[in-house]
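Notes for the structure review
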Amino acid sequence: MLTTGNTICMRLQGGLGNQLFQYAAGRAASIRLGCPLVLDTTLTEDELKRGYVLQFFQITALAGVVDVKNYSMKYEESSFFYNTQFNSYGLGTCFTGYFQSELYFRDVALVIRNDFQLINQPAYLVEQMSFIDSYELPVSIHIRRGDYFSNKHTLSIHGICEAGYYKKSIDLICKMLPAEPTFFVFSDEPALAREMLEGEDIKRKFVFMPVGLAHEDIMLMAKCRHHILANSSYSWWAAWLNPRSDKIIMAPRRWFTAETLRTINTTDLYMENIIIL
């Protein structure tokens with residue numbers, strides 16, 4: 001029987017990218033402690049109503065509304081960078097935070113990769129994956145707008161990646177590769193993404209992907225060999241889920257607005273060997 005004394009709890013919040021980070025940190029802690037992981041979904045019903053979005057993956061943790069007052073210990077993330085104190089908490093702990101660093105789960109990376117396989121891959125998704133695989137050098141580009149642009153509070157914290165960042169990333173990755181790549185563009189605002197990239201060199205080949213389901217699009221992005229990220233945990237995960245050791249990843253130095261970066265240390269956010277522009 002599961003009780004708060006013999007489990008740990010991770011409070012989920014935010015969208016898919018955030019929930020993947022939270023689950024991964026919680027899963028690593030549960031393996032270290034040899035105990036079940038419980039996922040509290042209470043905070044996912046925020047003003048954006050994104051809800052619980054991990055049900056499409058091969059995870060075994062129990063998820064639902066949890067009365068966290070029953071957990072005797074509480075861990076609340078106090079800073080953005082990796083905190084080793086996370087590993088000192090034991091059974092009966094409820095964790096709250098974003099935990100946006102691979103350092104929380106790098107030692108169990110294979111387990112996390114297996115957990116984040118889709119339960120179902122419909123025929124149209126398999127076909128799209130095969131389409132991407134048919135290209136020699138597919139590169140994903142993620143252009144995120146959506147709530148980053150429409151929600152004033154979110155915009156004031158995250159900001160958005162401008163055309164200059166994408167142009168610089170495209171030019172650099174083309175110089176690094178042995179042949180001309182094909183860029184697969186993923187965006188929640190495809191018309192805007194197309195407009196942004198229209199001015200690029202005519203010889204560049206762009207494939208503008210239709211907007212799909214978040215858990216499926218992230219797997220399509222992961223199918224690409226190399227990646228140009230937005231300032232988004234969503235495309236961070238797409239790049240991480242790509243198992244290739246020779247992948248090239250470009251990421252923006254301004255993961256947040258300049259004002260936000262004065263109070264947040266993003267050093268531990270970036271994967272090893274990532275190129276920051």
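All chains use their own residue numbering, which begins from 1 and follows the written sequence. Side-chain atom pairs in this predicted model are given and counted only at pLDDT of 80 or more, local residue features only at pLDDT of at least 70, and totals for whole chains, interfaces and linings cover all residues. With hydrogens and water stripped out, all remaining heavy atoms of the structure feed into the side-chain values.

**Focus on the overall build of the chain**
The number of helices and strands found in the chain is 10 helices and 11 strands. Here the C-alpha coordinates of the chain stretch approximately 60 × 45 × 35 Å along the principal axes. Three exposure classes are used, based on accessible area relative to the maximum for each residue type with a 1.4 Å probe and protein chains only: buried under 20%, partly exposed in between, and exposed over 50%. Across the 277 residues that make up the chain, the buried fraction comes to 52%. Considering only contacts in the chain between residues 6 or more positions apart, those separated by 24 or more positions represent 68%. With an accessible surface of roughly 13,100 Å², the chain has 53% of that area assigned to carbon and sulfur atoms. When charges are counted, neither His nor the chain ends are considered; positive counts come from Lys and Arg and negative counts from Asp and Glu. Charged side chains are reduced to one point each, which is NZ for Lys, CZ for Arg, CG for Asp and CD for Glu. Across the chain, the 26 positively charged side chains and the 29 negatively charged ones have centroids separated by 4 Å. Per the convention used, a helix needs a DSSP run of H or I reaching at least four residues, while a strand needs a run of E reaching at least two, with both numbered from the N terminus. Throughout, a residue-residue contact means that at least one pair of heavy atoms, one from each residue, lies within 4.5 Å. Computed with the Shrake-Rupley method and a 1.4 Å probe, the accessible areas treat only the protein chains shown as cover for residues.

**Topic: the sheet that holds strand S7 (residues 182-187)**
Taken together, six strands build an open sheet; the order of strands is S8-S7-S6-S9-S10-S11 and the sheet is parallel. Two strands bound the open sheet, and with one partner strand each, they are strand S8 (205-208) and strand S11 (275-276). Strand pairing is assigned whenever DSSP identifies at least 2 bridges connecting the two strands. Bridging between strand S9 (residues 226-228) and strand S10 (residues 249-251) involves two bridges; their strand directions are parallel. By the bridge assignment for S10, Ile-228 is matched with Met-250. Strands strand S6 (138-143), S7 and S9 of the sheet are contacted by helix H8 (residues 214-223), whose axis makes an angle of about 160° with S7. Here, axes are lines fitted to C-alpha atoms. For helices the fit covers the stretch in contact, and angles between N-to-C directions go from 0 to 180 degrees.

**Regarding the sheet that holds strand S1 (residues 8-11)**
The five strands lie next to each other as S3-S2-S1-S5-S4, forming an open sheet whose pairing is parallel. The open sheet has two edge strands, strand S3 (62-64) and strand S4 (73-76), and neither has a second partner. Along the sheet, successive strands turn relative to each other by an average axial angle of 20°, direction set aside. Relative to strand S5 (residues 93-96), S4 runs parallel, the two being bridged by four bridges.

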